[in-house]
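Single-letter residue listing:
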Amino acid sequence: MSKKNDTTESLAPQAVSAQFSEHVVEQRLTPNPLNPFSMDKDTLRLALVTAQFALRATRQQTPPTINKPTGLLVLVNGMEQAGKGTAVTQLRQWVDPRLLKVEATIGDCPLKHQPIWQVHTKSMPRHGDVMVYFGNWYADLLYNVMRMATLKSENKEAGKNKNSSDKNKKSKNKKSVDVKKLPITEWQDYLQEELTKLQAFEQDLAANQTKLLKCWFHVDIETLQARLNDAEVDPKFLYQIDWHNAAVVAQFNEVATALLRQQGDWIIIDGKDKSQAATLFCHEVLRAMQTALASSRIEESKQVNPVINFDPVKIPKILIDINDTDIDKSEYHEALADKQARLAELLRARKGRHVVFAFEGMDAAGKGGAIKRLVAPLDPREYQIYNIGAPMLYELQHPYLWRFWTKLPDEQTDRISRIAIFDRTWYGRVLVERIEGFATDEEWQRAYDEINRFEADLVAAGNIVIKYWLAIDKKEQLKRFEAREETPHKQFKLTDDDWRNRDQWSDYVQSAADMLARTHTEDAPWCVIATNGKQQARLDVLDHAIQQLSSALSKSE
C-alpha cells in the first residue's frame, strides 16, 4: 500500500482526461454539438455520469491533475408549468445523485441593503460539483420587475379614471404600492441595470472556476392554461404571479423577451413536450460539464486569458515618509471619548443600512487596536468582527470572494448586527497571495476589477463601505515586534511569518501602492493612515469613519 502511494505522489500532473481511455474521452468528455441528434438515451446517461466523475476529479486531485478545480452551476428559470421539474427529475435519475445538488426559490422581493445576488451565494456549488438552482437571483429580479410593471399598469389605469369619484375611491382603497417609491420608475431601466450587474457577477464566477449554464423553459399560453387546469396540485407559483391571468402572462412574456434579448447566454427550451424538453436539458448539462472540464486545463486557461503586462505604480510619498506624531495622553483620552460617542451616534442613526469596515496594513500597524477603539462604544450585539487568515479547504473550493460574500451583513439572519468589521480582507489576493505566489499572475491582476465590482455592488445596494490602509515604517515595526516578544499577553500576535515578511517589506509596499491606485474608487475610497503614533492613528480612524458616515447619511436624507 505504501509503495502504491509513493508511486502516486511521484506522478507528474496530467489532464483529468488521461484517467480515461481515448474512446471514452472522445465519446463522453469531448463537447459535440451533434450529440442531441446522435446519442441515444443510454449513451447520454453514461456520458453524464462519466463527466460528473471527471469534474469531481478536478477537485480531488488524486492523482494530481493539470486541471483547475471547477464546478458547474445550472440556473433554471422560465415560465410556470414549462417542464422544469420534469427535466431536473430526469437529470437526477440519470446521474449519480450524490454528486448533484439541487436548490430552489420561487422569487421574492430583494432584501434591503444587499446586492440581489448576495442571499444566494451560500448555495454556490463546490468546485467539482454540479448544482441545479431553480429560481435563483433571476427569480428575485423577475419578481421585482413584474411588481413594478404591474403597479405601473395599475397606476395608469387609475389615472384614466381619476375624474370618476367612485372609481377614484376604489383605487385609493386598493392595496398597492406607488411605483414612484421603487428604485427606478420604469421597469425597463431597472431590468437593464440589474442585468448588467448580474452579467458582470456571473463572468466573475466563471473566471473563478464556477461555470454557468442558464436554461430558460418556455411554453405557449394554451399549453400553460391546460396544465394549470389539470387535476395535478400546483405548487406555490413561480415569481408569485397569477399565471391564470392572461394579461399577467402577456406582461411576463414582455419582461422575459427584454431579459433574453439583453443576455444572449440563455439556452431556451420548449417545454410543450416535457419528455423531449427533459432530454434536451440533459444534453445541455452534459455539454456544459464537458466545456467546463475542457476550460479547466491550466494551459488552455492561459491561452484564453493571457496575462497582460503589469505596470507597477510609483510608490506615493505617504507610504514611505511616515510621520512620528505624538499626542498628550490626557488630550488623547478626551478626544477619543468624544469621537467614540459621535461615531456610536451616527451608527445608530443609519436607519438599518449595512456598514462594512475593511482594515488592511503592514504587520503590527495597529489594525487590532484601531478596531478595539472603534467598537468600544457599541454593544457587542451590534457588530461582527472577522479576523481573516489563510482560507480553509472548503473556502478554497469556491470562488475567491465567496468566503467574504458569506460574512456580509445579511437581512435573512436572526442577528441584529448589521455592521461587519474585517481585520484583513479580500485584498489579500493582491497583497500576500501576490507576493507569496498563492495566486497566479492572471488571478491577482484580474482581482482589482473583481473587487471594484464587488464593492460597487455593495454601495449601490445601500451599504456604507469604509476602507483603511494603516502604514508604519520598518523601524517602528521592529520596535513593536520586540515589544510583543517581551509582553506575555501579546506574544501570540507574533509569528514566524511576521519576521519572514520583513524581508519582503519593499514588495509589500509596492503591492500596497498598486492596490491603492487601482481600487480607490468613488464608491469605496481608501483612507491611508500613515503615522508611527498608535494613538494618533486611532483618532484618525475614528475621524474618517465619522466623516464617511456623516456624508453617507446626509445624502440619504
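Residues numbered from 1 in each chain as written. Predicted model: local features only at pLDDT ≥ 70, side-chain atom pairs only at ≥ 80, totals over all residues. Heavy atoms only, no water.

Things to note about the overall build of the chain
Argument step 1. What the chain contains, in helices and strands, is 22 helices and ten strands.
Argument step 2. For the chain, buried positions account for 50% of its 557 residues.
Argument step 3. Counted over contacts in the chain with a minimum sequence separation of 6, partners at least 24 positions apart contribute 83%.
Argument step 4. As displayed, the chain offers around 27600 Å² of accessible surface, 50% of which is attributable to carbon and sulfur atoms. (Helix = DSSP H or I, 4+ residues; strand = E, 2+ residues; numbered from the N terminus. Buried < 20%, exposed > 50% of the residue type's maximum accessible area, 1.4 Å probe, protein only. Contact = heavy atoms within 4.5 Å. Areas by Shrake-Rupley, 256 points an atom, 1.4 Å probe, with all protein chains shown as cover.)

Structural notes on the pairing of strand β3 (residues 130–134)
Argument step 1. Within β3, five of the five residues are buried, leaving the element largely enclosed by the surrounding structure.
Argument step 2. Here β3 shows no split at all, with V130, V132 and F134 on one side and M131 and Y133 on the other all buried.
Argument step 3. Examined bridge by bridge, strand β1 (residues 71–78) and β3 share five bridges and lie parallel to one another. Looking at β3, one finds that L75 is bridged to Y133.
Argument step 4. Sheet analysis places strand β2 (residues 100–104) next to β3, joined by five bridges and oriented parallel. Each residue of the ladder has a partner; that of E103, found in β3, is Y133. (Pairing = 2+ DSSP bridges.)

Regarding the environment of T43
Argument step 1. Topologically, T43 is positioned in helix α4 (residues 41–60).
Argument step 2. Considered as a pair, T43 and Q27 are 16 residues apart in the sequence and their alpha carbons are 9.0 Å apart.
Argument step 3. One polar contact links T43 to D40, side chain to side chain, over a distance of 2.7 Å. (Polar contact = N/O pair within 3.5 Å; in protein donor to acceptor, adjacent residues only side chain to side chain.)

A look at the side chain of Q548
Argument step 1. Inspection of the secondary structure assignment puts Q548 in helix α22 (residues 534–556).
Argument step 2. Here Q548 falls in the buried class, since its relative accessible area comes to 17%.
Argument step 3. Excluding its chain neighbours within four sequence positions, the residues that come into contact with Q548 are I466 and P525.

Some points on the side chain of R434
Argument step 1. Counting through the fold element by element, R434 comes out in helix α17 (residues 432–436).
Argument step 2. When sequence neighbours within four positions are dropped, the list of residues in contact with R434 reads F310, G428, R429, W444, Y448, S511 and D514.

Structural notes on the packing of aromatic side chains
Argument step 1. Summed over all chains, the structure comprises 26 aromatic pairs.
Argument step 2. Between F310 and W444, the ring centres sit 4.8 Å apart and the planes meet at 75°, which makes this aromatic pair edge-to-face. A residue pair is termed long-range when its members are at least 10 positions apart, and F310 in the loop between α12 (298–304) and α13 (329–347) and W444 in helix α18 (residues 441–460) qualify at 134 residues.
Argument step 3. Taken together, W117, W137, F201, Y386, Y400, F404, W405, F422, W426, Y427, F454 and W526 form an aromatic cluster joined through their ring pairs.
Argument step 4. The ring of Y400 has R429 lying over it, and the distance from NZ or CZ to the ring centre is 4.0 Å.
Argument step 5. Across from the ring centre of Y448, 5.5 Å away, lies the NZ or CZ of R518, which sits over that ring. (Phe/Tyr/Trp six-rings, centres within 6.5 Å; stacked < 30°, edge-to-face > 60°. Lys NZ or Arg CZ within 6 Å of the ring centre and 35° of its normal.)

Focus on the sheet that holds strand β7 (residues 383–387)
Across a sheet, paired strands are connected by hydrogen bonds in the backbone, their directions being either parallel or antiparallel.
Argument step 1. One open sheet holds the five strands; their spatial order is β7-β8-β6-β9-β10, and the pairing between them is parallel. Where the open sheet ends on each side, the last strands, each with one partner, are β7 and β10 (526–530). Strand-to-strand twist across the sheet, computed as the mean angle between neighbouring axes with direction ignored, equals 15°.
Argument step 2. Two elements, strand β9 (residues 464–471) and β10, share five bridges in a ladder whose sense is parallel. By the bridge assignment for β10, Y468 is matched with C527.
Argument step 3. Here helix α14 (residues 367–375) sits on the sheet in contact with β6 (355–361), β7, β8 (419–423) and β9, set at roughly 155° to β6. (Axes fitted to C-alpha atoms, helices over the stretch in contact; angles between N-to-C directions.)

Focus: the packing of helix α8 (residues 187–207) against helix α10 (residues 246–262)
Argument step 1. Contact pair α8 / α10: the axes reach a minimum separation of 10 Å and the direction vectors enclose 40°. The orientation of α8 relative to α10 falls into the category oblique. Considering how the two elements wind past one another, α8 and α10 form a crossing that is right-handed. From α8, W187, Q188, L191, Q192, L195 and T196 reach across to α10, where they touch Q251, E254, V255, A258, L259 and Q262.
Argument step 2. Looking at the contact of α8 with α10 residue by residue, the classes come out as six nonpolar, five polar and one charged. (Parallel < 35°, antiparallel > 145°, perpendicular 65-115°, else oblique. Left-handed = near helix turned anticlockwise from the far one by under 90°. Nonpolar A, V, L, I, M, F, W, Y, C, P; charged D, E, K, R; others polar.)

What to know about unusual backbone geometry
Argument step 1. A cis amide bond links T62 to the next residue, P63, at an omega of 0°.
Argument step 2. Among the structural elements, P63 can be located in the loop between α4 and β1.
Argument step 3. Positive phi outside glycine occurs at N136, with the angle close to 55°.
Argument step 4. Its location among the elements puts N136 in helix α6 (residues 136–160).
Argument step 5. Overall, N136 belongs to the buried group, its relative accessible area being 0%.
Argument step 6. Within the chain, Y239 stands out as a residue other than glycine whose phi angle is a positive 65°.
Argument step 7. On the secondary structure map, Y239 appears in the loop between α9 (221–228) and α10.

Focus on the pattern of salt bridges
Argument step 1. Following the criterion strictly, the structure yields 30 salt bridges and no others.
Argument step 2. A single network of salt bridges, built from pairs that share partners, joins R59, R126 and D129. (Salt bridge = Lys/Arg side-chain N within 4 Å of Asp/Glu carboxyl O.)

Quick word on a positive patch on the surface
Argument step 1. Residues K372, K475, K479, K493 and K534 make up a contiguous surface patch of positive charge.
Argument step 2. Relative to the elements of secondary structure, K493 occurs in the loop between α19 (474–486) and α20 (496–502).
Argument step 3. Taking relative accessible area as the criterion, K493 reaches 37% and is therefore assigned partly exposed. (Patch = residues over 30% accessible without salt bridge, like charges linked within 9 Å, V, L, I, M, F, W, Y side chains within 5 Å. Lys, Arg positive; Asp, Glu negative; His and termini not counted. Charge placed at Lys NZ, Arg CZ, Asp CG, Glu CD.)

A short note on helix α21 (residues 505–519)
Argument step 1. With 15 residues, α21 ought to run about 21 Å at 1.5 Å a step, and its terminal C-alpha atoms sit 21 Å apart, in line with that.
Argument step 2. α21 sits mainly inside the fold: eleven of its 15 residues count as buried.
Argument step 3. Buried within α21 we find W505, Y508, V509, Q510, S511, A512, A513, D514, M515, L516 and T519. (Expected span 1.5 Å × (residues − 1).)

Focus on the packing of helix α5 (residues 84–94) against helix α11 (residues 274–295)
Argument step 1. Contact pair α5 / α11: the axes reach a minimum separation of 8 Å and the direction vectors enclose 55°. Considering their axes alone, α5 and α11 lie oblique with respect to each other. Pair α5 / α11 crosses with right-handed handedness. Across the interface between the two elements, T86, A87, V88, Q90, L91 and W94 of α5 pack against K274, A278, T279, F281, C282 and V285 of α11.
Argument step 2. Looking at the contact of α5 with α11, its residues break down into eight nonpolar, three polar and one charged.

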